[in-house]
Every structure is written in structure tokens, then in C-alpha cells.
Amino acid sequence: MKYAITMLLVGCTLAAMFISCGSARAGPYELEIIVRAGDVIDGQTILTPFSSNPNNISINNDGEVVFLPRVVGPFGTGWGVMTQHRFIAGAGKLVDGLFAGFDNQDHSPKINNLGQVTYTAFLPGGDRGVFVDETLIARRGDVIDGQTLFSPSVATAINDDGTVVFVVRRADEVGERGPPGVYTQDRMVVESGQVIDGFTIGQPFGVEISNPGEIFSFTFLQDFGDGPSAAIVTPERIVLKPGDVIGGQRVDQIRRFAVSGNGDIVTEFYRFSDIDPDDRSLRGIFLATETEILVSRGDVVDGLTIHNPSHPRLNSAGQLAFFDFVQDEPNDDGYRALFADDQLIAAEGRLLDGKVIKQLSQFDINDRGDLAFHVEFEDSSRVIVRANHVQIPEPDALMLAAWGALFLLAKRGIHDSRRECPTRNEEVMR
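Residues numbered from 1 in each chain as written. Predicted model: local features only at pLDDT ≥ 70, side-chain atom pairs only at ≥ 80, totals over all residues. Heavy atoms only, no water.

A.B. asks: What is the right way to look at the side chain of Asp370 in this model?
C.D. replies: Among the structural elements, Asp370 can be located in the loop between strand E38 (355-365) and strand E39 (371-377). Here Asp370 is in contact with Ile59, Asp364, Ile365, Ala387, Asn388 and His389, once residues within four sequence places are set aside. (Helix = DSSP H or I, 4+ residues; strand = E, 2+ residues; numbered from the N terminus. Contact = heavy atoms within 4.5 Å.)

A.B. asks: What is the right way to look at the sheet that holds strand E34 (residues 320-326) in this model?
C.D. replies: What links the strands of a sheet is backbone hydrogen bonding, and the strands pair in either a parallel or an antiparallel sense. Reading across from one edge, E33-E34-E35-E36 is the order of the 4 strands in this open sheet, with antiparallel pairing throughout. Pairing within the sheet leaves two strands with one partner each, and these edge strands are strand E33 (310-314) and strand E36 (343-347). Mean inter-strand twist for the sheet, computed between neighbouring axes without regard to direction, equals 25°. Here 4 bridges tie strand E35 (residues 335-340) to E36, and the two strands are oriented antiparallel to one another. Looking at E36, one finds that Ala337 is bridged to Ala347. (Pairing = 2+ DSSP bridges. Axes fitted to C-alpha atoms, helices over the stretch in contact; angles between N-to-C directions.)

A.B. asks: Would you mind going over the sheet that holds strand E21 (residues 199-209) with me for this structure?
C.D. replies: The 5 strands lie next to each other as E20-E21-E22-E23-E24, forming an open sheet whose pairing is antiparallel. Strand pairing shows two members of the sheet lacking a second neighbour, strand E20 (195-196) and strand E24 (238-240), which therefore form its edges. Summarising the sheet, E20 and E21 pair through 2 bridges and their orientation is antiparallel. Paired with Val195 across the strands is Thr200, a residue of E21.

A.B. asks: For this particular structure, what's the right way to read the environment of Asn113?
C.D. replies: By secondary structure assignment, the location of Asn113 is in the loop between strand E11 (110-111) and strand E12 (117-122). Each residue touching Asn113, except ones within four places of it in the same chain, is listed here: Asn60, Asn61, Asp62, Asp160 and Asp367. Of note is the side chain of Asn113, whose polar atom sits 2.8 Å from the backbone nitrogen of Asn61. At 2.9 Å, the side chain of Asn113 and the side chain of Asp160 are in polar contact. (Polar contact = N/O pair within 3.5 Å; in protein donor to acceptor, adjacent residues only side chain to side chain.)

Quick look at the structure:
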């Protein structure tokens, strides 16, 4: 009887532990179309789900995706900024007392984990302004950190504290176009002409901000000599520049970079061939952190040979996502594929929702490992897809320790039951 009770307790406890297990490992992806033409969201009917221009999609940890669609609704028809749950600005909507204007170009919409969305938009008169949700936070004539702004550019980013970083020119002494710099809502971060680590900073043209608040910009280094001079910098240091070495590979040209929420950078860089630097087929192409090569040409990921990895993004869990131009045969036309966490997510020429994918364009990844990306099908229809990263529970340290204790308990129960239930030999001996 004690043995039966013991095993019942073991079974119930194990079942409860499986249900309440807090840790998980990454599993496969499930693809879900979250936006398509004809959908009605927040009173707006989607005409075109996305612009094909760069930097027009972002996903947060709740799976909310911000994008740039063309819509028709109660305010009019036009391009705007929205998520799959709400319409924010554009298409004739009055925002902060202004009609914010959009086209199908880059307006750099970004969403943080609080659901705040930053973006740029055209203001009456043709200048750009920087917004957070429906609030204008920077425009020509504003004064930040004692500097009068002249005109913001398209580059913006936002962290979970709501700090927005953007690129803007300040006005010079006579009110004309002055040098460009990187600003937040309340301070100037770095400006063209500033010297960092002995190098003079040129015009910044890309920005990122981590949740701890470290700000990165992509800029040219002045007087750097012949060859590419694009570098990744913070106000305190040169993070990466041509001539640096990562994992034994010389960095000859930095193509692009991104920053995870916790502040880790990932970059795409070239190493030129010593034989012919102008021959693109001989270039080494690498995706890397500051210290480690993550993916390079010739690697095999999910059974496919990597040919031209690009557009890397790294989340705070260390999961890498990137595009690659895959060639199944050396002389075929090849196709673009999207990878994440060492898995193939989608590829041109393959089926999705019963249609053939013609083109993959933009994507983003959150800290759960979920992705959002643009898909255009062969019939020219466009959709936004979210790839949901399935989480599979697995034992954590506490659970494993409990398993050990339960094993001993079960073993003791079996031993006690044997003592209570004598064997046939014991009965004979009696």
C-alpha cells in the first residue's frame, strides 16, 4: 500500500513539474500571415501592406509589428505608420495638430517593448519631423542641448526607456545648414567633426540604441586614407573600423550593423581578396560580433550553403537572423532566403499559404526569436508574415534536482514495500 501511494505521489509531482517548468528551448517556427491587402485595422483598409523600401518593419517582444502600408480610411488615402492592431499616423490623420506626410520611402518606424513607436514624417513646408506615437518630439527650430535644429533625417531608433535617438543637422551661426549630429530628445550625443579615439567623425547616417542607453552610430571617418572609411562609433570609442581584425579576419569594409537590446553589436563586413580587390566573387563576407565570426561564405546552415550573408540582426538571447543569397548550383540564378537561430525560415521560390514566394525584402527579430518580414508572391500580392518561434519546455536545474529527490523517494518506497511484502522464500523460512 505504501508503495502504491509513493508512486502516485511521484507521478503527480512529475506531472506538476512538467506543467510549471519555467525554462524552454528553441523549437521550430510557425509562419503566420498577420497583414494582407483588404484587412481592416483600426478603421483603415489595407491597400498595400508595405513599401519595398528599406527599414520599414520592426517587431517587439509582444509580437506587435510596426510597418508602412498604403491605406484608405476615414481620414483619406495614403501611406502611413501602423501595427497589426492600431493605426498611428498618415493618410490624412491629424497628429499633434499637424498632417504628418508619408511616401513609400524610408520613414524608419521602430517599436519598443512598451509599444511606443518612433518614426519620421514630412511636415507642412517639406521638412521632416521625429515622432513618438502621436507626439512630435523634434523639428526644425527646436532647441536641444543649446543647439537649434535645422532638419532631421530619416534615421531613428528607440529603446525600452522611451529614449529616441535620431540624426539631425543643427543650424549654424547664421541659421543655415550646419553639421549633422546624433541627438536624443534632450541632448546632443555626437557631431560631425568631433574627434573620438584620434579619428575625426564624418556624417552619421545610421543610429542604434540599447536598452542600457548606449548609443551607436554608423559614420565615415574623415582623413582616413584610401578605401572604405565607414565605421561604427559611440561617443566614447570607435567600436569597429576598417583595418580591425575579428576572429582572424581583417575588416576591409563594413556594410551595415545592428544592436541587440542588451547592447551587443552584429555587423556585416567584407575582406577583400589579395588577388583582385575589385572581384566581388573573391570577397570574404562575414557576419560577426565585435570579437567573433558568426557566419561566413561557405558555411552550411540548415543544409544550405551560405553564399552571400547579409542584413544581420541579433537579439538579446544571442539568436542571429540574416538574409542569404543561396545558389544550389554554382551557375544558377540563386534566390534569397531568411535564416534565424540556425534554421531556414522562408525562401524565394518556395510555397507559403499555397502561393510561390517571389521576393523577401525586410525583416526584424525580437528577443523571443520571433520574426516579422515582408513577402511578395508571384501573383504580385504582398503580405506581412510573423514567424513564431515555438518554445519547447525543458528541465531546469531545480527540476533536475527534484527529479533526483523523487527517484530516491521512489526507490525507498519500493524497498519498504518489499520489506512489507515477504517473498515466497521468506514465507517458507517462517
